[in-house]
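Now for the letters of each chain:
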Amino acid sequence: MPGEIVLGVGASHSTLMNTHWDRTRQKDEATRFRDALHEARDLLAAARPDTVVIAGSNHFRGFWLDLIPAFTVGVGECVASGESGTPKGPLPVDVPLARHLAASLVEDGFDPAFSARLQIDHGQSHAVQYLLDGLDVDIVPLVVNVFAPPLPTTARCEALGGAVRAAVHAFPGDRRVAVIGSGGLSHRLPWPDWRDPHGDDEEFMVAAWLNGRGDWARYDTRRREIIRAASSVINTAFDEDFLDLIETGRTSRMCAVGTDELERTAGNGAQEIRTWLLMAAALGHTPGRRLAYEPVHDWLTGMAVAVLDPTARKEPTT
C-alpha cells in the first residue's frame with residue numbers, strides 16, 4: 001500500500017512561550033493559542049500518522065552563514081539544539097521515507113541539500129514540543145531558509161510542497177504521513193540583512209550567524225536581549241487574509257507575493273509562511289480550519305494554528 005498524507009497543520013512558534021509565559025500580559029490570547037496547539041495535537045493523534053514531515057525554519061542555531069541551503073532534508077541523525085526550554089537531543093527520524101523523499105525531490109527537478117547529521121532549532125522543535133507531545137511517531141525534518149537572503153521564492157516553496165505530496169504517494173511502503181508547517185505569521189525580528197548590517201547589535205548578530213557553528217550558545221544571551229527589546233509589529237489584516245486563503249484552499253495565491261513585498265507588508269518574520277505554503281501544497285490545498293489566531297505582542301508575532309484534513313475536503317473557492 002503506498003504512502004498517504006492524512007493531516008496538515010500550520011502553527012506559529014515562539015520560544016517566549018517557554019521563557020516568558022509568566023511575564024506575558026496577554027494571558028487570554030496566549031492561553032487560547034496554547035489551547036489550539038493542544039487541540040491540533042489531539043487531531044494529529046486521531047489521524048494516527050506513522051511519520052510527520054516538519055517543514056520549519058532555522059534561526060542560526062542549526063545552520064550558519066558558512067553554508068545556507070535553500071532546502072535541507074534530514075536523512076539520518078537529527079538533534080534538537082534545546083534552546084529556551086525546547087526539546088534537546090536526538091529525535092527519531094523515519095530514515096527510509098526521508099531518503100526516499102530526498103531522492104524523489106531530485107528526480108522531480110529540485111536540488112535539496114541533505115544531512116545525515118542534522119541539528120535543528122525551535123523552528124521545528126517547537127512543533128515537536130507542543131504538537132507531537134506523547135505521540136509515538138518518527139519525523140522527517142525539512143528545513144527551509146527564510147532568514148538569510150536570497151530566499152527561495154514562495155512559488156518554489158509551493159512547488160516543493162507538491163513534490164513532497166507526490167513523493168509520499170509514491171513511497172513503496174505503508175506510511176500514514178502528517179505534514180506540519182511551523183512559523184509565522186506576521187512579525188518583525190530585530191535582525192539585519194546579513195549583507196548590510198548597521199550598528200553594534202546588527203554587527204553582533206551577523207557575527208553570531210557566521211561563527212556560531214559548534215558555539216552558538218555563547219551568543220545566545222545577547223541575542224535574546226536584543227529580541228526582547230524589540231517593538232512588536234503585527235499586521236493583523238495580512239494575517240486574517242492569509243488565514244482566509246488557508247481556509248478556502250486558495251493558499252497558492254501567495255506564490256505571486258515576492259520576498260521584498262512580504263517583508264514590507266508583514267515583516268521579516270513573515271517569511272516563515274513559506275512553511276505553511278509548503279504544507280498546504282502537500283495537502284493538495286484542501287481547505288483548512290482555523291483553530292486560533294491571536295496577535296500576541298509580547299511574543300512579537302501573529303500566532304495562529306490551522307488544520308487541513310483531506311477527509312473533509314471541499315472544493316476550493318475560486
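Further up the page is the structure itself.
Residues numbered from 1 in each chain as written. Predicted model: local features only at pLDDT ≥ 70, side-chain atom pairs only at ≥ 80, totals over all residues. Heavy atoms only, no water.

K.L.:
Explain the packing of aromatic side chains to me, please; I cannot follow it from the model alone.
P.N.:
The geometry of an aromatic ring pair is captured by the separation of the ring centres together with the interplanar angle, meaning the angle of the planes. Inspection of the entire model under this criterion finds 9 aromatic pairs. Each ring, one from Phe-33 and one from Trp-299, has its centre 6.3 Å from the other, and the planes form 75°; the classification is edge-to-face. Here the residue Phe-33 occupies a position in helix α2 (residues 27–47), and Trp-299 occupies one in the loop between β8 (288–296) and β9 (301–308), the gap between them amounting to 266 residues. Phe-33 gets classed as buried once you look at its relative accessible area, which sits at 0%. Ring geometry for Phe-204 and Tyr-219: centres 5.8 Å apart, planes at 55°, overall tilted. Note that Phe-204 is positioned in helix α6 (residues 199–211) and Tyr-219 in helix α7 (residues 217–228), a separation of 15 residues in sequence. Look at Phe-204 and you get buried, because its relative accessible area is 15%. Pairwise contacts between aromatic rings join Phe-60, Phe-147, Trp-191 and Trp-209 into one cluster. (Phe/Tyr/Trp six-rings, centres within 6.5 Å; stacked < 30°, edge-to-face > 60°. Helix = DSSP H or I, 4+ residues; strand = E, 2+ residues; numbered from the N terminus. Buried < 20%, exposed > 50% of the residue type's maximum accessible area, 1.4 Å probe, protein only.)

K.L.:
Can you help me understand the packing of helix α8 (residues 236–248) against helix α10 (residues 273–282) in this one?
P.N.:
Geometry of a packed helix pair, given as the angle between the helix axes and the separation of the axes. Contact geometry of α8 with α10 gives a least axis separation of 11 Å together with a crossing angle of 15°. Viewed along their axes, α8 and α10 adopt a mutual orientation that is roughly parallel. Once α8 is placed against α10, the crossing between them reads as left-handed. For the pair α8 and α10, the contacting residues are Phe-238, Phe-242, Leu-243 and Ile-246 in the first and Ile-273, Trp-276 and Ala-280 in the second. (Axes fitted to C-alpha atoms, helices over the stretch in contact; angles between N-to-C directions. Parallel < 35°, antiparallel > 145°, perpendicular 65-115°, else oblique. Left-handed = near helix turned anticlockwise from the far one by under 90°. Contact = heavy atoms within 4.5 Å.)

K.L.:
Looking at this model, I keep getting lost on the packing of helix α5 (residues 154–170) against α10. Mind explaining?
P.N.:
Running from N to C, α5 and α10 cross one another at 35°; their axes reach a closest spacing of 7 Å. Pair α5 / α10 crosses with right-handed handedness. Across from Thr-154, Cys-157, Glu-158, Leu-160, Gly-161, Gly-162, Val-164 and Arg-165 in α5, the residues of α10 making contact are Arg-274, Leu-277, Leu-278, Ala-281 and Ala-282. Of the residues in the contact of α5 with α10, the class split is 7 nonpolar, 3 polar and 3 charged. (Nonpolar A, V, L, I, M, F, W, Y, C, P; charged D, E, K, R; others polar.)

K.L.:
Hey, could you run me through helix α3 (residues 95–107) in this one?
P.N.:
Think of an α-helix as 3.6 residues a turn; residues three or four steps apart then line up on the same face. Given a rise of 1.5 Å per residue, 13 residues ought to cover 18 Å, and the 18 Å separating the end C-alpha atoms of α3 matches this to within 8%. By the burial criterion, the buried members of α3 are Leu-97, Ala-98, His-100, Leu-101, Ala-102, Ser-104 and Leu-105. Here the buried face of α3 lies against β2 (51–56), β3 (71–81), β6 (138–144), α5 and β7 (176–182). Measuring from the side-chain oxygen of the N-cap residue of α3 to the backbone nitrogen of Leu-97 gives 3.2 Å; that N-cap residue is Asp-94. (Expected span 1.5 Å × (residues − 1). Polar contact = N/O pair within 3.5 Å; in protein donor to acceptor, adjacent residues only side chain to side chain.)

K.L.:
Would you explain the environment of Val-52 in this entry?
P.N.:
Position of Val-52 relative to the elements: it lies in strand β2. Taking relative accessible area as the criterion, Val-52 reaches 0% and is therefore assigned buried. Between the C-alpha atoms of Val-52 and Leu-243, which are 191 residues apart in sequence, the distance is 22 Å. Setting aside residues no more than four positions away along its own chain, Val-52 makes contact with Leu-132, Val-137, Asp-138, Ile-139, Val-140, Ala-178 and Ile-180.

K.L.:
Help me understand the environment of Pro-92 in this model?
P.N.:
Examined against the element boundaries, Pro-92 turns out to sit in the loop between β4 (88–90) and α3. Through-space distance from the C-alpha of Pro-92 to that of Val-140 is 8.6 Å; in sequence the pair is 48 residues apart. Leaving out residues up to four positions away in the same chain, Pro-92 has contacts with Val-137, Asp-138 and Ile-139.

K.L.:
Explain unusual backbone geometry here, please?
P.N.:
Cis geometry marks the peptide bond from Pro-149 to Pro-150, where omega comes out at 10°. Along the chain, Pro-150 turns up in the loop between β6 and α5. In the Ramachandran plot, His-285 falls in the positive-phi region, its phi being about 55° despite a non-glycine side chain. Along the polypeptide, His-285 turns up in the loop between α10 and β8. For His-285, a relative accessible area of 12% puts it in the buried group.

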